[in-house]
Amino acid sequence: MDAVTYERIAVQAPFFDEGHGFDVFGLHPPRLARVVGRTRLLYERYFRVDSRGIDHIPASGPVILIANHAGILPMDAALLCLDVLFRTNPARIPRAVGDHFIPRLPLISALFARLGVVSGTPANVRRLLERGELLVLFPEGTTGPAKRFRDRYRLQTWRVGFAEHAIRHRAVVVPVAIIGAEESWPLLAKLPLRAFGSPYVPVPAVPLPLPAHYHLRYGTPMMLGHASEDADDPGRVAAGAARVRDALEELVVASRQGRRGWFR
């Protein structure tokens, strides 16, 4: 493993130790650093991630990355988090906010917690932003990965809760277009089974993700409100969420037009 990368994440990255090397959500930076080191080849050689605009992420303070969502398993979330860990300086540990059923998954839930994933409850999001952390959210939720291939890169159901948190905690919102996930691991079918509380069980079109060339594009940072009172106004919250959706849609369209072919 790259010793410099390990040092940046395991030792130097800001971390709120609640005792025994874990934070209150179970994050363990040394475990995260080891996993990051072992996945560098996937990031660089298999998916060949092309990233632009990461300097739009503030070096400190509360930040929410808002991205489009697709794929059977959250490879898009993983590659986005790896990009942040590899390319922010000083290194920031991204906290991916997952759906409510993730803590119910056997074994996987513990691993996700060690890597910084948190359940998306309002209390969890509030505490992370109060600590000035960097969050990764997908407002489409499970509807993003569930869309048909013909609907790729079209944003689905849009949750607005992130906008309330961004306004209340004066968090910077950065839209991020992720191109490649739709082609890498498309959905074949959805089984109507609610395993561990999930809305469905996905059936992939291919057994493993294809080596689609991923493109990550970070957009212009946004502030959604000017006063904490705005967070209590449903109209302002909805308007802020709509602004982010419009910015992300434009970024997705521009990013797709800028690439050459699906798998290059």
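Read on for a plain summary of the structure. (Residues numbered from 1 in each chain as written. Predicted model: local features only at pLDDT ≥ 70, side-chain atom pairs only at ≥ 80, totals over all residues. Heavy atoms only, no water.)

Looking at the sheet that holds strand β3 (residues 94-98)
The following threshold applies: Here, any two strands with at least 2 DSSP bridges between them count as paired. We count a stretch as a helix when DSSP gives it H or I for four or more residues in a row; a strand needs E for two or more, and each element gets its number in order from the N terminus. Working rule for contacts: check all heavy atoms of both residues, and any pair within 4.5 Å makes them a contact. Orientation is described by lines fitted to C-alpha atoms, with helices fitted over the stretch in contact, and by angles between N-to-C directions that extend from 0 to 180 degrees.
The mixed open sheet is built from seven strands, whose spatial order is β1-β9-β6-β2-β5-β3-β4. The open sheet has two edge strands with one neighbour each: β1 (50-52) and β4 (118-119). Examined bridge by bridge, strand β2 (residues 63-67) and strand β6 (residues 172-179) share five bridges and lie parallel to one another. Bridge assignment links V63 to a residue of β6, and that residue is V172. Lying over the sheet, helix α4 (residues 75-87) contacts β1, β2, β3, β5 (134-137), β6 and β9 (215-218), oriented at roughly 65° with respect to β9. On top of the sheet, helix α6 (residues 122-130) reaches β2, β3, β4 and β5; it is set at about 145° to β5, its chief contact.

Looking at the packing of aromatic side chains
To keep things clear, this is the line we draw: Stacked, tilted and edge-to-face are the three classes applied to pairs of Phe, Tyr and Trp rings, where Trp contributes its six-membered ring and a pair requires centres within 6.5 Å; stacked means planes under 30 degrees apart, edge-to-face means over 60, and tilted covers the rest. Only protein chains enter the accessibility calculation, which uses a 1.4 Å probe. A residue is then buried if its area is under 20% of the maximum for its type, exposed if over 50%, and partly exposed in between. Any Lys NZ or Arg CZ found within 6 Å of a ring centre and within 35 degrees of that ring's normal is scored as a charge over the ring.
Scanning all chains against the criterion turns up four aromatic pairs. Here Y43 and F86 contribute two aromatic rings whose centre-to-centre distance is 4.9 Å and whose plane-to-plane angle is 55°, an arrangement assigned as tilted. With Y43 in helix α3 (residues 40-46) and F86 in helix α4, this pair connects stretches of sequence that are 43 residues apart. Take Y43 and F86: they sit in the same class, and that class is buried. Among the aromatic side chains, those forming a connected cluster through ring pairs are Y46, F47 and Y214. If you follow R40 out to its NZ or CZ, it ends over the ring of F86, 4.1 Å from the centre.

As far as function goes, none of this settles anything; it's purely spatial.
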